[in-house]
Amino acid sequence: MKIGVFICHCGTNISATVDVEKVAQVTSKLAKVHFSTTYLYMCSNPGQELIKKAIKEKGLDRIVVCSCSPSLHEKTFRKCAEEAGINPYLVEIANIREHCSWVHRDKKEATLKAIDIVRLAVAKVSRDKPLVKTYVPIEKRVLIIGGGISGIQSAIDIAFAKYPVTIVERESSIGGRMARFDKTFPTLDCAACILTPKMVTVSQSQYVTIYTCSEIEEVSGHVGDFKVKIRKRARSVDINKCTGCGACYAKCPVKVSAKFDMNLGLRKAIYVPFPQAVPNVPVIDRQNCLWFSAKNASGGTKKACGLCKKICNFGAIDYDMQDEIIEEKFGAIIVATGFTQFDHSVYGEYGYGKYKDVVTGLHFERMASSSGPTGGKIIRPSDGKEARDVVFIQCVGSRDEQKGVPYCSRICCMYTAKHALLLKEHNKDAQAYVFYIDIRAAGKNYEEFVKKVQDEYGAIYLRGRVSRIFEKGGKIIVRGADTLSGAQIEIKADLVVLATGLIARPETVKLAQMLHIPYDQNRLFTEAHPKLAPVETVTSGIFLTGACQSPKDIPDSVATASAASVKALGLLLQDKLEKEPLIAKVDRNLCSGCRACVVACPFNAIDMKEIEDRALKCKRDVAEVVEGVCTGCGNCTVVCRMSAIDIEGFSNRQIMEEIEAL
Amino acid sequence: MINPRTQELKNSRAESWEPKIAAFLCNWCSYAGADLAGTSRREYPPNIRIIRLPCSGRVNPLFVLKCLMDGADGVLIAGCHTGDCHYSEGNYYARRRFAILKKLFEFLGIDPRRFQMAWVSASEGDKWVKVVKELVEEIKKAGPILAKS
Ligand code: FES
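Residues numbered from 1 in each chain as written. Chains lettered and ligands numbered in written order. Predicted model: local features only at pLDDT ≥ 70, side-chain atom pairs only at ≥ 80, totals over all residues. Heavy atoms only, no water.

Trainee: Just checking my understanding: could you explain the overall build of chain A for this structure?
Mentor: Secondary structure assignment for chain A yields 18 helices and 34 strands. Summarising the internal contacts of chain A: among those between residues at least 6 apart in sequence, 69% fall at separations of at least 24. When the accessible surface of chain A is totalled, it reaches about 29000 Å², and 51% of it is carbon and sulfur. Positive and negative side-chain charges in chain A, numbering 91 and 75 respectively, have mean positions lying 3 Å apart. (Helix = DSSP H or I, 4+ residues; strand = E, 2+ residues; numbered from the N terminus. Contact = heavy atoms within 4.5 Å. Areas by Shrake-Rupley, 256 points an atom, 1.4 Å probe, with all protein chains shown as cover. Lys, Arg positive; Asp, Glu negative; His and termini not counted. Charge placed at Lys NZ, Arg CZ, Asp CG, Glu CD.)

Below is the structure:
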């Protein structure tokens, strides 16, 4: 056995705290190590050439690369070794950067630790076995979870490449948050005018299937072969029969406040959330519908309503519709579940959400929208009078480690500026006051936009926090400090608009656990690499787009959506998928057929198989691993009494060897 | 019986003893969390030696015993938070297995501080640092394992 050890300086990232030459010198003396050297950047082309040359010239048969985390360059070096003619699985990475040079300051200690890390890797590589990659077929379809602007854009891109794609949307229409906006910053495009054409495109594409009122129930399988259960909640209206004529909701006698309009307006019990809804098919809100409340009332004494069913000429109303579970297979999944607004009722200084005239940015959007509940008037929800003096407060929930989230929500500075402008456009006499901490207007034409709002629209920007808000004489009194002039400020406002931050949706954890993708302390999904893999997750075949990964504005959401579709398409374009061979393997001679592993396997990847035992001259059952299903988690190895089942690449022998090298 | 390497270690560590701790980290959460501690340049004591495994459910109790027998002063197993295991259930198995092992250690008179478990997610670089710092402190209090044998 001739092991080669290659130590990377990583510029000075490693060599500043680890004496790489010393590491090379010490490790070259280890048994089985035949050659050891250092280089400035091992992952660079000349670095890889150096490895290949050494493999050929020194006749190395396995290598250890001492560099950054295996999550970054394990693949690179495996490929490099393969090109030099050795099996790619005879390569180990000694992580002396993230786990050593970057976390220690003392050069002597760090060097000693680095030597230990290399020793462990040498021990491990000495027990590596050459492995061959396996291949699995790919289901050439993509699932998109979430039908907001991100999900829609992803679907359009994938459909353009002529691959089938399915959108699963929780609400009764696609469109998401953007459908609620009035105008978009900084161009002041009307949100509906740029979104609805996309909604129509996606709904008319022969490659796109849209499931609305639907949620993901269960996900199993793996890249190339995800099995997904989708719950289609009973809409009570047959989507294939309904023509969208609207007679039903015109007739419906029940009025309740509309969630889509932030409860500023009313809707019926059978309704479409907004006029441009896709599909343009109503849904029955069973909680408020008279037919259902009569049916559910004890004894059935109440008279059922049933008006919508009577009026519908197409027989589309179906009160008996049940939830339906559909099971489908997908090769890749794009998560586009978006965000939710921070709930400002935790803030005493803003009135705990008690005051009607203290609203959020999304309320303002609905009021500003000409098709919205107020017909485009900015009013005081308490008395319906037009608002004149409006105070905007930024960073509500954002950048607040105590009560909110520590991060900046990125879009609030911009949407507040937009609101200040829209206010003036809707009412010439209005005056906007904006309390801010910092203005973050990083984006094309963003800074210019904020300047315009201040200079041309006369919005008064006050740097400082608001200390208290209270109601007095029909006005909302806002007290705060202007930290630039040092003055105490009191404004008698008609309306206060809070720029509430963007936070993860409550169900993200559940979804993350179903998909086996990580999330961070703010419950936002975690990308595979913050710089270089922003739309991938560590689970191959699952991609992220939009605000479910971090707060994003529309251009960024659209950009990540297209990025995610390209990643998904890249997968689907393969004939078959490479699968890491680091999976379980059974030694039939040792297996006693006890089935402990069958029970312990979380993936049902182990079957029993009858074999002819020549030595014992009988037939007996042994465990057999289903290669396409095994994920290599290794749980089976621990329950095996005979040590007959082992994981390739993380074998018992290897781990024991590592421990001995400690 | 003490193997030769253990003996060698015993001699070399006689005067200036610094604990050596073996840590088994699952690839998906804890290993990535330790990576993050590195990327964010958080400093921690160099006593820990990390062995990467696919999942905390891959850790055989024998590995832990072997570590202690071979002169590690402490052993740490770190995996994903409950519910977050990349393989759904691995960490539940691990949690049960090692609760029993810990009991066994108490029974055998092995200082239970020497063996610990922690749940560190991929975004918890800071938590990883905290876990290591605390563990090193604890093991320092427990003293060298070989002195007791
Ligand atoms: S993958 Fe982390 S504990 Fe199973």
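Trainee: Would you take a moment to explain the domain arrangement of chain A for this structure?
Mentor: Reports often express the size of an interface as the amount of accessible area lost when the parts come together. Residues and elements named next belong to chain A. Partitioning chain A into structural domains gives domain 1 (3-133), domain 2 (142-233 + 323-338 + 505-572), domain 3 (247-311), domain 4 (339-503) and domain 5 (584-660). Each of domain 3 and domain 4 has a C-alpha centre, and these two points are 34 Å apart. Contact with domain 3, which involves 5 residues of that partner, is made by 8 residues of domain 4. Looking only at domain 3, the three residues that lose the most surface to domain 4 are Asp261, Met262 and Leu264, adding up to 80% of its buried area. If you look at where domain 3 meets domain 4, you find 1 salt bridge. As a salt-bridge pair, Arg366 and Asp261 come within 2.8 Å of each other at their nearest N and O atoms. (Domains from an automatic or database assignment. Buried area = accessible area lost by both parts, 1.4 Å probe. Salt bridge = Lys/Arg side-chain N within 4 Å of Asp/Glu carboxyl O.)

Trainee: Even after reading the chapter, I still don't get the packing of helix H18 (residues 652-660) of chain A against helix H3 (residues 61-69) of chain B, so can you show me in this structure?
Mentor: Helix packing geometry: the angle between the two helix axes and the distance between the axes. Contact geometry for H18(A) and H3(B): axes closest at 9 Å, N-to-C directions at 20°. The angle between H18(A) and H3(B) places the two elements in the roughly parallel class. For H18(A) against H3(B), the interelement crossing comes out right-handed. Taken together, the residues of H3(B) that come into contact with H18(A) (itself represented by Asn652(A), Ile655(A), Met656(A), Ile659(A) and Glu660(A)) are Leu62(B), Phe63(B), Lys66(B) and Cys67(B). A per-class count over the contact of H18(A) with H3(B) returns 6 nonpolar, 1 polar and 2 charged. (Axes fitted to C-alpha atoms, helices over the stretch in contact; angles between N-to-C directions. Parallel < 35°, antiparallel > 145°, perpendicular 65-115°, else oblique. Left-handed = near helix turned anticlockwise from the far one by under 90°. Nonpolar A, V, L, I, M, F, W, Y, C, P; charged D, E, K, R; others polar.)

Trainee: How should the pattern of salt bridges be read in this particular structure?
Mentor: When the charged atoms of two side chains lie near each other, side chains of opposite charge can form a pair. Under the defined criterion, the tally for this structure stands at 51 salt bridges over all chains. Across the pair Arg52(B) and Glu74(A) runs a salt bridge whose closest N-O atoms are separated by 3.0 Å. Here Glu74(A) lies in helix H3 (residues 70-83) and Arg52(B) lies in strand S2 (residues 48-53), a pairing that spans two chains. Among the residues examined, Arg52(B) registers a relative accessible area of 14% and is labelled buried. Taking the shortest distance from any N to any O, the salt bridge between Glu648(A) and Lys585(A) comes out at 3.7 Å. Here Glu648(A) is found in the loop between strand S34 (645-647) and H18, whereas its partner Lys585(A) is found in strand S31 (residues 584-586), with 63 residues between them in sequence. Taken together, the salt bridges that share partners define one network made up of Arg170(A), Glu215(A), Arg233(A), Arg505(A) and Glu507(A). (Buried < 20%, exposed > 50% of the residue type's maximum accessible area, 1.4 Å probe, protein only.)

Trainee: What is the right way to read helix H2 (residues 30-39) of chain B from this model?
Mentor: Residues lying three or four places apart along an α-helix face the same way, a consequence of the helix completing one turn every 3.6 residues. Residue and element names in this part refer to chain B. Among the 10 residues that make up H2, 7 are buried, leaving the element largely enclosed by the rest of the structure. Along H2, the positions that sit buried rather than exposed are Ser30, Tyr31, Gly33, Ala34, Asp35, Ala37 and Gly38. Of the residues flanking the end of H2, it is Arg41, one or two places downstream, whose phi is positive at about 55°.

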